[in-house]
Amino acid sequence: MSDLVAVIIPAGGSGERLGARIPKALVQIAGKTLIEHAVANMAPIANQIIVAAPAAYEEQFRKLLGTDVLVVTGGLTRTLSVKKALAYVDKENDYILVHDAARALASTELAMRVIDSLRAGEKAVIPGLAVTDTIKRIDKDNYVTRTFPRSQLRAIQTPQGFRRKILIRAHDSRDDVTDDAGLVEDRGVDVKVILGEERALKITTMQDLETAQRILLPEVNNQIRVGIGTDAHAFSNDPLREMWLGGLFWPGENGADGHSDGDVAAHAICDALFIAAGIGDLGSNFGISDLAYAGASGSQLLSECFQKVTAAGYLINNVSVQIVGNRPKIAPRRAEIITALSKSLGGATVSVSATTTDGLGFTGAGLGISAIATALLLRSAR
Ligand code: CTP
Ligand code: MG
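Brief notes about the overall build of the protein
No. 1: The helix and strand inventory of the protein stands at twelve helices and 18 strands.
No. 2: Reported as C-alpha extents along the three principal axes, the dimensions of the protein are approximately 95 × 50 × 40 Å.
No. 3: Relative to its 382 residues, the protein shows a buried fraction of 46%.
No. 4: A separation of at least 24 residues holds for 70% of the contacts in the protein among residues at least 6 apart in sequence.

Written out as structure tokens, the structure is:
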């Protein structure tokens, strides 16, 4: 038995209640449009995805969603948008999920539970949550005509799943409904409600958009890692010792002692990166006494560090380093340093500052140089 799933995503609305100047499905949260979130969440379970876009926005949708997604022109109402998309569903699909772009955060797991229930024999399956408000029916003059027992009520979400033919038949009707299950119920088909999820909320108002952002935020936070690193070296007594700092050679400057080239900026950044990724530090990765690194340049260490951090599954968001010392003067070569450091870090965003310490401490006394660095890493998508 094949049991393939087509997903229809009505996204043809204008989003009047949200009040953005663009269609709601193109509004972004956490750097991605609602329609991209919705498609990404449904893609893992879908054999075919059909998106109904607002008229005149089809090309923009196609560019965003790529060639795996079929973009068709939506209709004047949600029901009509779904109907138009239905015409493109391949017959090889046994099930159809209809899912509002406005419920962009509904999870793949929810879609999987809907499908499981269909596979277990249900004809129509919809997610729902218990309601917290008491719901009353009113007449046109706002008088209550009925109060429903809350325990029997559910607030219904999408994705709503159906056997393909059942949904197609139901859409023969001319009725305009706010959800597809409504049409199916009218035909006397049993519709099963399964447990929905908070994150499948329908983004309708600005407040909903903020709620959705708050739901995504902890996920982003879990993937951010910060690290700090410092390093210091004394200026050498050897007049021939070369000065290397920030990946650059500094002619005429007194070099710093150290088992490598003494580049405090590069070393501090390496430590910040290793610590942020949770993969040890400069010493544990390169070994203080490791002969292989005895003459290693700062750029070389940074490149290797970058590769290790990348292999551990992190992207560099940005790196900052502050160089502390009387000499050399950083400002005239700041741009050069940034370019050199960034190059060793795969093009990462780097910023560099410098300071003296008002004559205080070993840097103030001109005995040496130090640096402090921070790094922000993002767990890369796997
Ligand atoms: N929808 C659609 N075609 C329409 C109207 C709505 O495909 N003619 C889609 C919307 O894009 C949305 C879903 O149906 O994904 C639910 O509709 P709703 O949340 O009401 O979105 P909008 O109609 O865009 O918003 P509003 O009612 O505030 O204008
Ligand atoms: Mg609407």
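After presenting the structure, the write-up continues.
Digging into the domain arrangement of the protein
No. 1: The domain architecture assigned to the protein consists of domain 1 (4–216) and domain 2 (224–379).
No. 2: Between domain 1 and domain 2, the C-alpha centre-to-centre distance is 52 Å.

Comments concerning the environment of alanine 30
No. 1: Within the secondary structure, alanine 30 sits in the loop between strand E2 (28–29) and strand E3 (32–33).
No. 2: Taking the C-alpha atoms as reference points, alanine 30 and glycine 182, 152 residues apart in sequence, are found 33 Å from one another.

Examining the site of ligand 1
No. 1: Ligand 1 sits among 18 residues. The nearest are Pro10, Gly12, Glu16, Lys24 and Ser81.
No. 2: Here glycine 75 contributes a backbone N or O atom positioned 2.9 Å from a nitrogen atom of ligand 1.
No. 3: Within the side chain of lysine 202, an N or O atom sits 3.4 Å from an oxygen atom of ligand 1.
No. 4: Contact with the protein chains removes 87% of the 570 Å² of surface that ligand 1 exposes when unbound.
No. 5: Residues that form the shell around ligand 1 fall into these classes: five nonpolar, seven polar and six charged.

Some points on the pairing of strand E18 (residues 368–379)
No. 1: As paired strands, strand E13 (residues 224–234) and E18 are joined by eleven bridges and run antiparallel to one another. Counted as the bridge partner of alanine 232 is serine 370 from E18.

Notes on helix H1 (residues 34–42)
No. 1: Along H1, seven of the nine residues are buried, which leaves the element largely enclosed by surrounding structure.
No. 2: Among the residues making up H1, those that are buried are Leu34, Ile35, His37, Ala38, Val39, Asn41 and Met42.

Let's talk about the state of the cysteines
No. 1: Under the criterion given, the structure shown has zero disulfides.
No. 2: Left unpaired, cysteine 270 is separated from the closest cysteine sulfur, that of cysteine 305, by 4.2 Å.
No. 3: The buried category is assigned to cysteine 270, whose relative accessible area is 0%.
No. 4: When its relative accessible area of 0% is taken as the criterion, cysteine 305 is described as buried.

So, the nonpolar core
Generally speaking, nonpolar side chains in soluble globular proteins are found buried as a group.
No. 1: Among the nonpolar cores identified, the biggest contains 43 residues, and Leu245, Ile269, Leu273 and Leu345 are the most heavily contacted of them.
No. 2: Looking at this core, the elements with two or more residues in it are helix H8 (264–277), helix H9 (282–286), helix H10 (298–311), strand E16 (314–324), helix H11 (334–344), strand E17 (350–355) and E18.
No. 3: With eleven residues, the top contributor of residues to this core is H8.
No. 4: Setting aside residues up to four positions removed in sequence, leucine 345 forms contacts with Ile269, Leu273, Leu302, Phe306, Ile316, Val319 and Val350.
No. 5: One finds Ala11, Val114, Ile115 and Leu118 within the second-largest nonpolar core, a separate group that totals 27 residues.

Details of the pattern of salt bridges
No. 1: Summed over the entire model, instances satisfying the criterion amount to nine salt bridges.
No. 2: With its nearest N and O atoms 3.6 Å apart, the salt bridge here joins lysine 140 to aspartate 141.
No. 3: By relative accessible area, aspartate 141 is classed as partly exposed at 47%.
No. 4: A salt bridge links arginine 327 to glutamate 253, with the nearest nitrogen and oxygen atoms 2.5 Å apart. Taken together, the residues arginine 327 in the loop between E16 and H11 and glutamate 253 in the loop between strand E15 (248–249) and H8 connect sequence positions 74 residues apart.
No. 5: Salt bridges here are not isolated pairs; linked through shared partners, they connect Arg78, Asp100, Arg103 and Asp180.

So, a negative patch on the surface
No. 1: On the surface, Asp175, Asp176, Glu185 and Asp186 cluster together into a negatively charged patch.
No. 2: By the secondary structure assignment, glutamate 185 is in helix H6 (residues 180–186).

Details of unusual backbone geometry
No. 1: Residue proline 159 is bonded to the preceding threonine 158 through a cis peptide linkage, with omega at 5 degrees.
No. 2: Note on placement: proline 159 falls in the loop between strand E10 (154–156) and strand E11 (160–163).
No. 3: Put simply, arginine 327 and proline 328 share a cis peptide bond, and its omega is -15 degrees.
No. 4: The residue proline 328 is located in the loop between E16 and H11 in this model.
No. 5: The residue asparagine 142 is not glycine, and still its phi comes out positive at about 70 degrees.

Comments concerning the sheet that holds E16
No. 1: Taking strand neighbours across the sheet as the criterion, the four strands line up as E13-E18-E16-E17 in an open arrangement whose pairing is mixed. Looking at strand neighbours, the two that pair on one side only are E13 and E17, the edges of this open sheet. The sheet shows a mean angle of 15 degrees between the axes of neighbouring strands, direction not considered.
No. 2: Summarising the sheet, E16 and E17 pair through six bridges and their orientation is parallel.

Conventions we followed
- Residues numbered from 1 in each chain as written.
- Chains lettered and ligands numbered in written order.
- Predicted model: local features only at pLDDT ≥ 70, side-chain atom pairs only at ≥ 80, totals over all residues.
- Heavy atoms only, no water.
- Helix = DSSP H or I, 4+ residues; strand = E, 2+ residues; numbered from the N terminus.
- Buried < 20%, exposed > 50% of the residue type's maximum accessible area, 1.4 Å probe, protein only.
- Contact = heavy atoms within 4.5 Å.
- Domains from an automatic or database assignment.
- Near = heavy atom within 4 Å.
- Polar contact = N/O pair within 3.5 Å; in protein donor to acceptor, adjacent residues only side chain to side chain.
- Areas by Shrake-Rupley, 256 points an atom, 1.4 Å probe, with all protein chains shown as cover.
- Nonpolar A, V, L, I, M, F, W, Y, C, P; charged D, E, K, R; others polar.
- Pairing = 2+ DSSP bridges.
- Disulfide = S-S within 2.5 Å.
- Core = buried A, V, L, I, M, F, W, Y, C linked by side-chain atoms within 4.5 Å.
- Salt bridge = Lys/Arg side-chain N within 4 Å of Asp/Glu carboxyl O.
- Patch = residues over 30% accessible without salt bridge, like charges linked within 9 Å, V, L, I, M, F, W, Y side chains within 5 Å.
- Lys, Arg positive; Asp, Glu negative; His and termini not counted.
- Charge placed at Lys NZ, Arg CZ, Asp CG, Glu CD.
- Axes fitted to C-alpha atoms, helices over the stretch in contact; angles between N-to-C directions.

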